[in-house]
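Residues per chain are reported as follows:
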Amino acid sequence: MKLLVHRYGAIGDTLTLSAFLAPLRAKFDVIILSGQEERLRLIDPGLYDEVLSYDLARRDVARLAEKADLSVAFSAGAMEGFQVRRAPFPADRTNIYDYMRNIALSLGGDAAAILRIPEATGKGLIIHPGSGSAAKNAPLEFFLEEAHRGNHPTFLLGPAEAASMERLISAAGFVWKRPETLLDMKKLILDHDSFLGNDSGPAHLAALGGLSTRICYRGSDPADWLPPGNVVVMKG
């Protein structure tokens, strides 16, 4: 049995597919993901078998969607060849992970299958002071204050964080790292056992990776976006 799943979106949006795939993993011999390849590969590799870049292989994806035993597209618009289309986000205040899981169950997923959260194997605190939206970010001063309470934490910076943040973090006496790829970012996060940051893709990645995760919610609601795992909501 073959399942094709399509989702296009930000890192956090993409990671919510984990909750959809877990109940369906045992039902399908082959699970193929379509979307932004580098982001999809952040998902636990035990939940899928293959990734297709939708930007590079749209015709192949459409043909495969028609031939698969089940093909599901999380898309606001029509997707050629796909048998099932669902909205990428819930219309009500349902938590996004519950929303994704419920769709899987409606398609025959195993209600007894849960999304496995592993134990963290790294050590130390990693802090991500940014996100894809400035409106969601707690002030850098908040993170620097928390960093002084930690034991030599590392700051994670991404494309959205300006070079000025590098200078401020260095001036405060802390180490920062800016990974070149998303997989490098994943490895860096999983090298730690605790995480502090805003509601962002790295925060969801940390929670799903088993880190003790503290997330500041500004401009988003934890009722909608709280990931599973050992997560504490903070008011940064």
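Here, residues in each chain are numbered from 1, in the same order as that chain's written sequence. Confidence filtering applies because this is a predicted model: local features only for residues at pLDDT of at least 70, side-chain atom pairs given and counted only at 80 or more, and all residues used for totals across whole chains, interfaces and linings. With hydrogens and water excluded, all non-hydrogen atoms of the structure serve as input to the side-chain values.

Points about helix α7 (residues 163–171)
Which entries qualify depends on this criterion: Buried residues are those whose accessible area, probed at 1.4 Å on protein chains only, stays under 20% of the maximum for their type, while exposed residues exceed 50% and partly exposed ones sit between those limits. Each helix is a run of H or I in the DSSP string that is no shorter than four residues. Each strand is a run of E no shorter than two, and both are numbered from the N terminus. Our arc is simply the arc of the directions from the helix axis toward the C-beta atoms. Contacts are assigned to residue pairs that have any heavy atoms within 4.5 Å of one another.
Listing the buried residues of α7 in full gives Met-165, Glu-166 and Ile-169. Axial view of α7: buried residues confined to an arc of 105°, hence all on one face. Along α7, exposed side chains directed more than 90 degrees from the buried face belong to Arg-167 and Ala-171. The elements touched by buried residues of α7 are α6 (140–149), β7 (154–156) and β8 (175–177). A positive backbone phi angle near 90° is found at Gly-173, which sits one or two residues after α7.

Concerning the pattern of salt bridges
Pairs can form between side chains of opposite charge once their charged atoms are near each other. Our working rule: A side-chain nitrogen of Lys or Arg and a carboxyl oxygen of Asp or Glu constitute a salt bridge if their distance falls within 4 Å.
If you walk through the whole model with that rule in mind, you get 12 salt bridges. Note that Glu-146 is salt-bridged to Arg-149, the shortest N-O span being 2.6 Å. Placement of the pair is Glu-146 and Arg-149 together in helix α6, with a separation of 3 residues, close to one helical turn. Among the charged side chains, a salt-bridge network with shared partners connects Glu-145, Glu-146, Arg-149 and Arg-214.

Observations regarding the sheet that holds β7
What counts here: Any two strands with at least two DSSP bridges between them are considered paired. Helix axes are fitted only over the stretch in contact, all axes being lines through C-alpha atoms; the angle between N-to-C directions runs from 0 to 180 degrees.
With parallel pairing, 6 strands are arranged side by side in an open sheet as β8-β7-β6-β9-β10-β11. Across the chains shown, the open sheet's two edge strands, defined by having one partner strand only, are β8 and β11 (231–234). Within the sheet, the average angular offset between the axes of one strand and its neighbour, ignoring direction, is 20°. Bridge count between strand β9 (residues 194–198) and strand β10 (residues 212–216): 5 bridges; the pairing is parallel. For Phe-195, the partnering residue across the bridge sits in β10 and is Thr-213.

Here we look at the packing of aromatic side chains
Cut-off, in case you're wondering: Pairs were defined over the aromatic rings of Phe, Tyr and Trp, the Trp ring being its six-membered one, requiring ring centres within 6.5 Å. Orientation was assigned from the angle between planes: stacked under 30 degrees, edge-to-face over 60, tilted for the rest. Only lysine NZ and arginine CZ atoms are considered, and such an atom sits over a ring when it is within 6 Å of the ring centre and within 35 degrees of the ring normal.
Within the structure shown, the criterion is met by 4 aromatic pairs. The lysine or arginine in question, Arg-7, covers the ring of Phe-89, its NZ or CZ lying 5.1 Å from the ring centre.

Structural notes on the side chain of Ser-200
Structurally, Ser-200 is set in the loop between β9 and α9 (201–208). The exposure class of Ser-200 is buried, given its relative accessible area of 6%. When residues no more than four places from it in sequence are discounted, the contact partners of Ser-200 are His-128, Gly-130 and Ser-131.

Examining the packing of helix α8 (residues 182–190) against α9
What counts is decided by this rule: Between 65 and 115 degrees an angle is taken as roughly perpendicular, under 35 as roughly parallel, over 145 as roughly antiparallel, and anywhere else as oblique. By definition, turning the near helix anticlockwise from the far helix through less than a right angle yields a left-handed crossing, and turning it clockwise yields a right-handed one. By the convention adopted, Pro, Cys, Tyr, Trp, Phe, Met, Ile, Leu, Val and Ala count as nonpolar, Lys, Arg, Asp and Glu as charged, and the other residues, Gly among them, as polar.
For the pair α8 and α9, the least separation of the axes is 10 Å and the interaxial angle reads 50°. With respect to their mutual orientation, α8 and α9 come out oblique. The hand of the α8/α9 crossing is right-handed. On α9, the residues touching Met-185, Lys-186 and Ile-189 of α8 are Pro-202, Leu-205 and Ala-206. Within the contact of α8 with α9, the residues separate by chemical class into 5 nonpolar, no polar and 1 charged.

A closer look at the environment of Ala-206
Turning to its location among the elements, Ala-206 is positioned in helix α9. With a relative accessible area of 0%, Ala-206 lands in the buried category. Along the chain, Ala-206 and Lys-67 lie 139 residues apart, while their C-alpha atoms are 35 Å from each other. Discounting residues that sit within four places of it in the chain, Ala-206 has contacts with Ile-189, Phe-195, Leu-211 and Thr-213.

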